[in-house]
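# Summary of structural features
For reference, the chains in residue letters:
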There are 2 protein chains.
Amino acid sequence: MKKTIIENGTFLTMNEEAPMIQGCMVIEGNRITYIGEEAPLPAGSYDERIDGSGKLFMPGLVNTHGHAAMSLLRGYGDDMALQVWLQEKMWPMEGKFTAQDVRAGTRLSVLEMLKGGTTTFVDMYDHMNEVANAAVESGIRACLTRGVIGLCSREVQDAKLAEAIAFAKNWHGQADGRITTMMSPHSPYTCPPDYIERIVQAAHDLNLPIHTHMSETAREVQENVDQYGLRPVAHLEKLGVFSRPTLVAHGVHLTDEEIEVLKRYDVRISHNPGSNLKLASGVARVPELLKAGVLVSLGTDGAASNNNLDMLEEVRLAALIHKGVSGDPVAVSASEALKLGTLDGARSIWLDDVGALQQGMKADFIALDIDQPHFYPRTNFISHVVYSAVSKDVTDVCIDGRWVVRKGECLTMDEEKVKFEAQQSFERLTAL
Amino acid sequence: MKKTIIENGTFLTMNEEAPMIQGCMVIEGNRITYIGEEAPLPAGSYDERIDGSGKLFMPGLVNTHGHAAMSLLRGYGDDMALQVWLQEKMWPMEGKFTAQDVRAGTRLSVLEMLKGGTTTFVDMYDHMNEVANAAVESGIRACLTRGVIGLCSREVQDAKLAEAIAFAKNWHGQADGRITTMMSPHSPYTCPPDYIERIVQAAHDLNLPIHTHMSETAREVQENVDQYGLRPVAHLEKLGVFSRPTLVAHGVHLTDEEIEVLKRYDVRISHNPGSNLKLASGVARVPELLKAGVLVSLGTDGAASNNNLDMLEEVRLAALIHKGVSGDPVAVSASEALKLGTLDGARSIWLDDVGALQQGMKADFIALDIDQPHFYPRTNFISHVVYSAVSKDVTDVCIDGRWVVRKGECLTMDEEKVKFEAQQSFERLTAL
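Sequence order sets the numbering: in each chain, residues are counted from 1 along the sequence as written. Think of it this way: whatever chain is written first is A, whatever ligand is written first is 1, and the rest follow in order. This being a predicted model, a pLDDT of at least 70 is required before a residue's local features are given, and a value of 80 or more before pairs of side-chain atoms are given or counted; all residues contribute to the totals for chains, interfaces and linings. Computation of side-chain values: all heavy atoms of the structure, hydrogens and water removed.

## Comments concerning helix H2 (residues 99–115) of chain B
So the rule is basically this: For the purposes of this entry, the term helix denotes a DSSP run of H or I that reaches at least four residues, the term strand denotes a run of E that reaches at least two, and both are numbered from the N terminus. Every helix has an expected span of 1.5 Å times one less than the residues it contains.
An ideal rise of 1.5 Å per residue puts 24 Å on 17 residues; H2(B) measures up with 24 Å between its terminal C-alpha atoms. Gly117(B) sits one or two residues past H2(B) and shows a positive phi near 95 degrees.

Written out as structure tokens, the structure reads:
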């Protein structure tokens, strides 16, 4: 088993008992086996010794909501209302996506995420075998789900559900456990109630969690009330969704009562500040969710509504916007925001040994070059990472004990080929 | 006169008639003398030929409000209310700043700004000779002003005003015109009315503009009403401030009537979204200001309240937060936000030949490496720059026809020395 030691490093651990450590970290196989100020005893021999000076090591970022293939539509439609953007720009183009396009878009996104320090991502899309293969190839950790839209005939519904079940069953636990799966009705507004119930039953049968979009826009909430007489939370509760472990994307428009319901069922919220701002969906009630004890994490959403997959930017937005909007300068502190983007991200997708630099945790971590003007003076590195760092400060990325990025270069994917194929796919789609 | 041609480049011009050009740009001395799709005729000889492929060239960013020396306090106090932060953290430390500290902090900030693509900055601080010297040395364009706080004896007021006048007089037009100056009462809440009137008179005498903080927090507005019976806009109007060309920082809390007054006097607003969010000051009414025809630009404010000097981040925040907060997905478009950060930034400080890539304009421009995943596919580069780029994508920076950054390295400052001296200053200040 490969044994690596990083010496003279600055470690931002996300372990509350010792948040910052100046010292050493040892990785054996895919686990962190030691972290501390002193060199580990007895002195051992290592396959690799890394000088960590000038670097800050921290847990990899966990992106808990997205549609990786949508990077093909980055910049294709901006500054439009959500429904117009979906109906006139996104859906017509996505309708043309083949498995090959999903492969090209997903690989582009995974490359961007890896280089920006994201070590785990959630993906809800179609042609999910391509997404799983991209995860296998690239070395990224992934929680994947075939998102199904049920506005179609019973036959098509059946076929989609069967496909979602087969995907979830085949891939759960694959790639040395790096891949896990979920079941996903796309949203209450794109799935009839009986179809949602069938998906919930399948999740029970497979013993898997559920991931869905919910309460992203005020319009969607109102339409749910108009159509079903219930707001989305009560609607999904009634359909049994929350009887499964559930991760909900967005949750922008929630009442106090709904927050209580979510807490009671331990429903997790993937907060997507960049996407919610850009699509003018609103600002989620994150301070209230956190106060209520709801587990919140961060997601980029697809690159078409963000428009990058930069999790450090989402962390910063989470720390900034709730202060500005609420008028409370202590709403969502820097360390809280960073926790949402790392440890709580992993917990949100039921990964209990990911998201902190601590003995026994999986070796999913990144290094940032802190020998740069915006990291000076050396005051508070949590503050510097949250308020000052950018994704391109990430130089090295290790996932499950394997280096996937070194000195800013991705070791597992051919960058030129990934960019070229994404451009080709986009040009083919626009020419159709 | 040195003559440079950039060939095969992608140019984001900020010239409405031809916003994107794939072609060539020629720089002679400190001016752009040609930009177009075809090679310029007749074919000439050049001192330098640059292959622009894989690069996006655009006007340099213009940072219209800040306190560069405050980078020494980056991360020193976070997640606190503005008044507490000022009174308990910032002012006690700033009180200890010597000229040497201002030199160290300013040079750290200028280095960060240059590397992140800022080609012009506004600075309001003390020990301004140090700031001007840093501008001379580094090659950056600067609009500088000695900010005076008048909560002191008449003698001290007199001395500060004399110093501000001397600075403004000595430095205006220096460094081949790269440096211009203004006069600055710090704010209505830190300067008695009669002192503000004296500063206005000095600005008249010197024929210089005025720069001040105004209406940053709701508390400040209320205290102005309590103390003087007027909101800050009416108060400053009454004191004659707007009889001079004026650039106001923040302008977060404004009524419709106040916006009309600002428009009538052609007062310019430096919108500082990152700082306003972090200090929980609120969200400025930028869509309303723009609709009223007020000239708005962008500023980082000091690094202690931001915590970086990343103007691309301010551009992105300007494009994102007003959508999310207003619920209007077309509020502040990508191209509008980019204009605030470039062309309108220059216009805000009365520089009419800066901020666009166009024949006759000053050669203040930057290059971004667009051969990276987050710039694919090649759809809309304005969108990519605003929603997807980060400061570290900037590879080259040219100011007034002189390269100050090439391939990510600053040519005019010793980076190691700048970082070392900033750290030294910080350690000295905290040890006092």
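## Looking at the sheet that holds strand S11 (residues 210–214) of chain B
Strand pairing in a sheet is mediated by backbone hydrogen bonds. Such pairs are either parallel or antiparallel. Residues and elements named next belong to chain B. Under the convention used in this document: Here, a strand pair is defined by DSSP locating no fewer than two bridges between the strands. Simply put, an axis is a line fit to the C-alpha atoms, just over the touching stretch for a helix, and the angle between two N-to-C directions goes from 0 to 180 degrees.
The sheet built from 4 strands is open, its strands ordered S11-S12-S13-S14 with parallel pairing. Two strands bound the open sheet, and with one partner strand each, they are S11 and strand S14 (296–298). In this sheet, neighbouring strand axes are inclined to one another by 30 degrees on average, regardless of whether the strands run parallel or antiparallel. One ladder, built from 3 bridges, connects strand S13 (residues 268–271) with S14; its direction is parallel. Bridging across to S14, His271 finds its partner in Leu298.

## Side note on the pairing of strand S3 (residues 31–36) of chain A
Residue and element names in this part refer to chain A. Pairing between strand S2 (residues 20–28) and S3: 5 bridges, direction antiparallel. When the sheet's bridge partners are listed, Cys24 is paired in S3 with Gly36. Between the antiparallel neighbours S2 and S3 lie 2 residues, among them Gly29 with a positive phi of about 60 degrees.

## Section: the packing of helix H11 (residues 311–326) of chain A against helix H12 (residues 334–341) of chain A
Helix-helix packing is described using two parameters, namely the angle between the two axes and the distance between the axes. Residues and elements named next belong to chain A. So the rule is basically this: For classification, angles of less than 35 degrees are called roughly parallel, those exceeding 145 degrees roughly antiparallel, those between 65 and 115 degrees roughly perpendicular, and all remaining angles oblique. By convention, the crossing between two helices is left-handed when the near helix turns anticlockwise from the far helix through less than a right angle, and right-handed when the turn is clockwise. Contact criterion: two residues are considered in contact whenever any of their non-hydrogen atoms come within 4.5 Å of each other. Throughout, the ten residues Ala, Val, Leu, Ile, Met, Phe, Trp, Tyr, Cys and Pro are labelled nonpolar, Asp, Glu, Lys and Arg are labelled charged, and all others, Gly among them, are labelled polar.
Where H11 meets H12, the axes come as close as 8 Å, and the angle between the chain directions of the two elements is 140 degrees. Of the possible angle classes, the one that applies to H11 and H12 is oblique. As for how H11 packs across H12, the hand of that crossing is right-handed. Contact with H11, carried on its side by Met311, Val315, Ala318 and Ala319, involves Ala337, Leu338 and Gly341 of H12 and no other residues of that element. Broken down by class, the residue content of the contact of H11 with H12 amounts to 6 nonpolar, 1 polar and no charged.

## Focus: the UniProt feature "domain: Amidohydrolase-related" (unreviewed entry) in chain A
Our working rule: UniProt positions are given in the numbering used here, feature names are shortened, and annotations may be inferred rather than shown by experiment.
UniProt annotation of "domain: Amidohydrolase-related" (unreviewed entry) refers to residues 58–404 of chain A when read in the numbering used here. Structurally, residues 58–404 of chain A is divided into 43% helix and 16% strand, and its ends, taken at the C-alpha atoms, are 15 Å apart.

## Focus on the UniProt feature "binding site: Zn(2+)" (unreviewed entry) in chain A
Residue and element names in this part refer to chain A. The line we're drawing: Only protein chains enter the area calculation, which uses a 1.4 Å probe; residues under 20% of their type maximum are buried, those over 50% are exposed, and those in between are partly exposed. Under the rule applied, a polar contact is a pair of N or O atoms within 3.5 Å (in protein, one hydrogen donor and one hydrogen acceptor; residues adjacent in sequence only if both atoms are side-chain atoms).
Following the UniProt record, one finds the feature "binding site: Zn(2+)" (unreviewed entry) at His65, His67, His213 and Asp301. Across 237 residues in sequence, these annotated residues keep their C-alpha atoms within 11.9 Å of one another, forming a single compact spot. By secondary structure assignment, the location of His67 is in the loop between strand S6 (61–63) and helix H1 (82–94). Setting aside residues no more than four positions away along its own chain, His67 makes contact with Asp123, Met124, Tyr125, His213, Asp301 and Gly302. Tracing the sequence through the fold places His213 in strand S11 (residues 210–214). A relative accessible area of 4% means that His213 is categorised as buried. Sequence-distant contacts of His213, defined by excluding residues within four places in its chain, comprise His65, His67, Met124, His186, Ser187, Pro188, Ala249 and His250. Within the structure, the side chain of His213 is placed 3.3 Å from the side chain of His67, a separation counted as a polar contact.

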